[in-house]
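Here is how the chains run, residue by residue.
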Amino acid sequence: MGRLSARLLMQRGRPKSDRLGKIRSLDLSGLELLSEHLDPKLLCRLTQLQELDLSNNQLETLPDNLGLSHLRVLRCANNQLGDVTALCQFPKLEELSLEGNPFLTVNDNLKVSFLLPTLRKVNGKDASSTYSQVENLNRELTSRVTAHWEKFMATLGPEEEAEKAQADFVKSAVRDVRYGPESLSEFTQWRVRMISEELVASSRTQVHKDDSPEKPPEAGAAHKPRARLATLKRPDDVPLNLSPSKRACASPSAQVEGGPVADSDGSQPALKLEPLHFLQCHSKNNSPQDLETQLWACAFEPAWEEGATSQTVATCGGEAVCVIDCQTGIVLHKYKAPGEEFFSVAWTALMVVTQAGHKKRWSVLAAAGLRGLVRLLHVRAGFCCGVIRAHKKAIATLCFSPAHETHLFTASYDKRIILWDIGVPNQDYEFQASQLLTLDTTSIPLRLCPVASCPDARLLAGCEGGCCCWDVRLDQPQKRRVCEVEFVFSEGSEASGRRVDGLAFVNEDVVASKGSGLGTICLWSWRQTWGGRGSQSTVAVVVLARLQWSPTELAYFSLSACPDKGIVLCGDEEGNVWLYDVSNILKQPPLLPAAPQAPTQILKWPQPWALGQAVTKTMVNTVVANASFTYLTALTDSNIVAIWGRL
């Protein structure tokens, strides 16, 4: 389709007329229009246009000067829009459709609500809840920017040039003023810049008017009370109450004996953590009565910038996958698959190139469970963009390769591990996955762990029958392989043939693993174990240390590690979180394994209130911390997501 013509507009316009100024509704959908095809000089002649359909085209932007001041309904679904700020030229817009634009995120939804105050419906849904969220964010941001302005102006000397200082203030505010979840940072920084520039403009006007420098009048919302974060939660996500007495017992004092002071052996002091949020966001039929849905796995989103850390966590259980901001407790996204029970989630970050050659970064979340399907979710755009029919039986766990962002391992109850290449999405934003390897196991694989020092060469798996290793190099001819080495544990809970249901690398060498029974977690050296294997197919691990854990006989409590901090984490059958600082062991492993090392601290279950009574006991199936160990997420057997924050 080329540039639009007046004849085409009259053919597709309603009512039928030989004058563009009489057309009130225009359908330009499905014409393969590009942004440059929208000629403002032509379209501005549609002076009475109230409804415009631009769906199913290839638009990346909307021109800023279309001149359609009476437009009330705009449909732009299924395009490639990457920005919504041009919509402010339609001040009377009441209905808007933006579905199927994969590069628009929740930040753009908030911008739309801010820019178009008369909007009633977005994508067929009522826009009032988004308006409420925008108002709360705007009120808090205005207060923070105003406080930053007062502090900034108080530090200026009389000799400093006002205009240069004010320009520096805008840069300073955008850099330093932060609020809300990381996933909304694009919107919040956009608003911070606008508020800062408005303050600067107000100050300049005041200076000119009074001929003397004064502070700008404070924004009207500056002294209003902070918005309650609970108002930002979706109505179907039920927060639990935490009584003051329970919070007190679950705060930093909820740790093992000794308190937060350095031990005589030089180990690190106990970390100070407090419970922040308790959510029932996986409830069946959104019922607040549901304290039975089992939650199984969670994973933090990869940070978008090198050296940064994420506060966005994905959780799964029942028929839902949720994406939660740990700072505020807001459920940002929720994906449901009726009839499914999700057991595992994993993130990857892909670079996608648009048809126009622009690069976009996608965070893709893989989720799998009972039905043997892997769903690939484009979280920020809010839709499923691919389904892999991976196994005929349930998928127990999955993980992406650290060496290849498109390589995904899936482990199933069919006693197979399959390596997939999910590829990158095509022009219709769909994935076409291909199978690379099949790894046979002798028992059900429970945990997957690419070897940290050579993730593209070896894969570890904790299985019902023990711990095994496979060669996963793709330059080898065999596409179906058996276990290369089985690792055995001469004593403790992981003797040969015993279940290994917890597995994680603490650094490039040290592995933490856990089996059922006898209450210990084993730290062992991959490098020493692998180096001493020779040609053996069964190898005893080189144990560095053992960590004291719960003596429960129950299984499937998954452990995790925070390698940047040298920390190992594991939940138990009482709702507690066992935390081990093993940094000293990593720096200087003991010559001989000593008695099991006690945990650095135990975070006791805070007993939140639900259905009018305290939840006094639950099982913590998994617990994961982000890379900087600022947030910790624990999932329970009773449909409760518990989020802890570091003080």
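Cut-off values and rules
Within each chain, residues carry numbers counting from 1 in the order of the written sequence. This being a predicted model, a pLDDT of at least 70 is required before a residue's local features are given, and a value of 80 or more before pairs of side-chain atoms are given or counted; all residues contribute to the totals for chains, interfaces and linings. The basis for every side-chain value is the complete set of non-hydrogen atoms in the structure, without hydrogens or water. Take a side-chain nitrogen of Lys or Arg and a carboxyl oxygen of Asp or Glu: if they are within 4 Å of each other, that pair is a salt bridge. Working definition: helices are DSSP H or I runs of at least four residues, strands are E runs of at least two. Numbering for both runs from the N terminus. The buried label goes to any residue with under 20% of its type's maximum accessible area, the exposed label to any with over 50%, and the partly exposed label to all in between, with areas taken from a 1.4 Å probe on protein chains only. Two strands form a pair only when DSSP identifies at least two bridges running between them. Axes here mean lines fitted to C-alpha atoms, for a helix over just the part in contact, with angles spanning 0 to 180 degrees between N-to-C directions. As used here, the term nonpolar core means buried Ala, Val, Leu, Ile, Met, Phe, Trp, Tyr and Cys residues forming a set that is joined through side-chain atoms within 4.5 Å. What sets the label is the angle itself: under 35 degrees gives roughly parallel, over 145 gives roughly antiparallel, 65 to 115 gives roughly perpendicular, and the rest give oblique. What makes two residues a contact is simply this: any of their non-hydrogen atoms within 4.5 Å. The classification used treats Ala, Val, Leu, Ile, Met, Phe, Trp, Tyr, Cys and Pro as nonpolar, Asp, Glu, Lys and Arg as charged, and all other residues, Gly among them, as polar.

## A short note on the pattern of salt bridges
Item 1. For the structure shown, the criterion picks out 18 salt bridges.
Item 2. A salt bridge links E94 to R120; the shortest N-O distance between them is 3.6 Å. Of this pair, E94 sits in the loop between β4 (73–75) and β5 (95–97) while R120 sits in the loop between α3 (106–115) and β6 (121–122), and the two are 26 residues apart along the sequence.
Item 3. Here D471 ties to R473 by a salt bridge, and the two come within 2.7 Å at their closest N and O atoms.
Item 4. With a relative accessible area of 13%, D471 lands in the buried category.
Item 5. Here R473 falls in the partly exposed class, since its relative accessible area comes to 32%.
Item 6. It is possible to trace a salt-bridge network through shared partners that takes in R458, D471, R473, R481 and E484.

## Observations regarding the sheet that holds strand β35 (residues 601–603)
Adjacent strands of a sheet pair through backbone hydrogen bonds, lying either parallel or antiparallel.
Item 1. Taken in spatial order, the four strands make up an open sheet running β32-β33-β34-β35, and their pairing is antiparallel. With one partner strand each, in any of the chains shown, β32 (559–562) and β35 form the two edges of the open sheet. Strand-to-strand, the axes of this sheet are offset by a mean angle of 20°, without reference to chain direction.
Item 2. Inspection of the sheet shows strand β34 (residues 577–581) paired to β35 by three bridges, in the antiparallel sense. Among the inter-strand pairings, L579 is bridged to a residue of β35, identified as Q601.

## A look at the nonpolar core
Item 1. Ranked by size, the top nonpolar core spans 61 residues in total, and within it L54 and L74 carry the most contacts.
Item 2. Examining the composition of this core, we find that seven residues originate from one element, helix α4 (residues 128–154), more than from any other.

## Examining the pairing of strand β40 (residues 641–646)
Item 1. Most of β40 is tucked away, with five of its six residues classed as buried.
Item 2. With six bridges joining them, strand β9 (residues 273–280) and β40 adopt antiparallel strand pairing. Of the residues in β40, the one forming a bridge with P275 is W644.
Item 3. By the bridge criterion, five bridges tie strand β39 (residues 631–636) to β40 in an arrangement that is antiparallel.

## Some details on the packing of α3 against α4
Item 1. Packing of α3 against α4 leaves a shortest axis separation of 9 Å and a crossing angle of 85°. One element, α3, and the other, α4, form an angle in the roughly perpendicular class. Here α3 contributes N109, L110, S113 and F114 to the contact with α4, which in turn contributes T130, Y131, Q133, V134, L137 and N138.
Item 2. Class assignment of the residues belonging to the contact of α3 with α4 gives a composition of five nonpolar, five polar and no charged.

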